[in-house]
Amino acid sequence: MKKPAPKKAFRLTPQREAILRFLEGNTSHPSAEDIYARLRRKFPGMSFATVYNTLQSLLGRGDLIEVRIDRGRARFDPGLKPHHHLLCVRCGAITDLPERAPVRPAGLPRGYRLLSSNIEFYGICPACGKKEGRREELSCAKKRKK
Ligand SMILES: [Zn+2]
Ligand SMILES: [Zn+2]
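In short, a report on the structure. (Residues numbered from 1 in each chain as written. Chains lettered and ligands numbered in written order. Predicted model: local features only at pLDDT ≥ 70, side-chain atom pairs only at ≥ 80, totals over all residues.)

1. A few points about the overall build of the chain
When helices and strands are tallied, the chain shows four helices and five strands. Each helix (α) and strand (β) of the chain, taken in turn from the N terminus, gives the series α-α-α-β-β-β-β-β-α. A separation threshold of at least 6 residues defines the contact pool for the chain, and within that pool the share at least 24 residues apart is 51%. (Helix = DSSP H or I, 4+ residues; strand = E, 2+ residues; numbered from the N terminus. Contact = placed C-beta atoms within 7 Å.)

2. Considerations on the nonpolar core
Among soluble globular proteins, nonpolar side chains are generally buried collectively. Membership of the largest hydrophobic core is limited to nine residues, which are Ile19, Leu23, Ile35, Met46, Val51, Leu55, Leu58, Leu64 and Phe76. Of all the secondary-structure elements, those providing two or more residues to this core are α1 (14–23) and α3 (48–61). Sorting elements by how many residues they give to this core places α3 first, with three residues. Apart from residues no more than four positions distant in its own chain, Leu23 is found in contact with Leu64, Phe76 and Pro78. (Core = buried A, V, L, I, M, F, W, Y, C linked by C-beta atoms within 7 Å. Buried ≥ 20, exposed ≤ 12 C-beta atoms within 10 Å, placed from the backbone.)

3. Some words on the packing of α1 against helix α2 (residues 32–40)
The N-to-C vectors of α1 and α2 enclose an angle of 115°; their axes lie 11 Å apart at closest approach. Once α1 is placed against α2, the crossing between them reads as right-handed. Contact residues: α1 offers Ala18, Ile19 and Phe22, while α2 offers Ile35, Arg38 and Leu39. Of the residues that constitute the contact of α1 with α2, the class distribution is five nonpolar, no polar and one charged. (Axes fitted to C-alpha atoms, helices over the stretch in contact; angles between N-to-C directions. Left-handed = near helix turned anticlockwise from the far one by under 90°. Nonpolar A, V, L, I, M, F, W, Y, C, P; charged D, E, K, R; others polar.)

4. Focus on α3
Between the first and last C-alpha of α3 there are 20 Å, a value that for 14 residues agrees with the 20 Å anticipated at 1.5 Å per step. The set of residues buried in α3 consists of Val51, Thr54, Leu55 and Leu58. Down the axis of α3, the sector holding all buried residues measures 100°, keeping them to one side. Of the exposed residues in α3, those oriented more than 90 degrees away from the buried face are Ala49 and Gly60. On its buried face, α3 sits against α1, α2 and β2 (75–77). The positive-phi residue at the C-terminal boundary of α3 is Gly62, with phi of around 80°. (Expected span 1.5 Å × (residues − 1). Arc of directions from axis to C-beta.)

5. Structural notes on the sheet that holds strand β3 (residues 83–88)
If you walk across this open sheet you meet the three strands as β4-β3-β5, and the pairing is mixed. Lying at the two open borders of the sheet, with one neighbouring strand each, are β4 (94–98) and β5 (120–123). Pairwise comparison of adjacent strand axes, ignoring direction, gives a mean angle of 25° for this sheet. Strand direction decides the pairing type here: β3 and β4, joined by five bridges, are antiparallel. Looking across to β4, one finds that His84 is bridged to Leu97. (Pairing = 2+ DSSP bridges.)

6. A few points about the environment of Asn118
As for its position among the elements, Asn118 is in the loop between β4 and β5. Each C-alpha atom, one on Asn118 and one on Ile69, is 9.8 Å from the other, the two residues being 49 residues apart in sequence. The contacts of Asn118, once residues within four sequence positions are left out, are His84 and His85.

7. Quick word on the packing of α2 against α3
Where α2 meets α3, the closest approach of the two axes is 9 Å, and the angle between their N-to-C directions is 130°. Comparing their axes, α3 and α2 come out oblique. Handedness of the α2/α3 crossing: right-handed. Seen from α2, the contacting residues are Ala32, Ile35 and Tyr36; seen from α3, they are Phe48, Val51, Tyr52 and Leu55. Among the residues making up the contact of α2 with α3, the classes are represented as seven nonpolar, no polar and no charged. (Parallel < 35°, antiparallel > 145°, perpendicular 65-115°, else oblique.)

Purely geometric numbers; function is a separate question.
Below you can see the structure in the form of structure tokens.
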């Protein structure tokens, strides 16, 4: 009798392989929509469901992390080393912040075994900060003209 294949076997179709390759070492934390938009050019027949299902099975296998810092949409992260996230509230860019040492929050109840942590930081990235500075200058110049 043949051994039954494991239930959650990961069949590597060319499309799935392309998704894996796109994610490998990708630090931009793409959303499912980003991945779909990027790979559809190469695979016009690729459906959003393929992207979604591939992401779900990678999540299930622990090969991918779902990042929830961006309120609107789930973002995906193949970086499995413990790290924190910094979100630009203007453009939505997510930057990885390495975790130097495991965080021990104040007020942790005694006997609580801490497994992991993911701290979310919010800010305005240098590029967006510059743009906003320029916009302020422009509106000041306009006011001065009046
Ligand atoms: Zn930004
Ligand atoms: Zn990350």
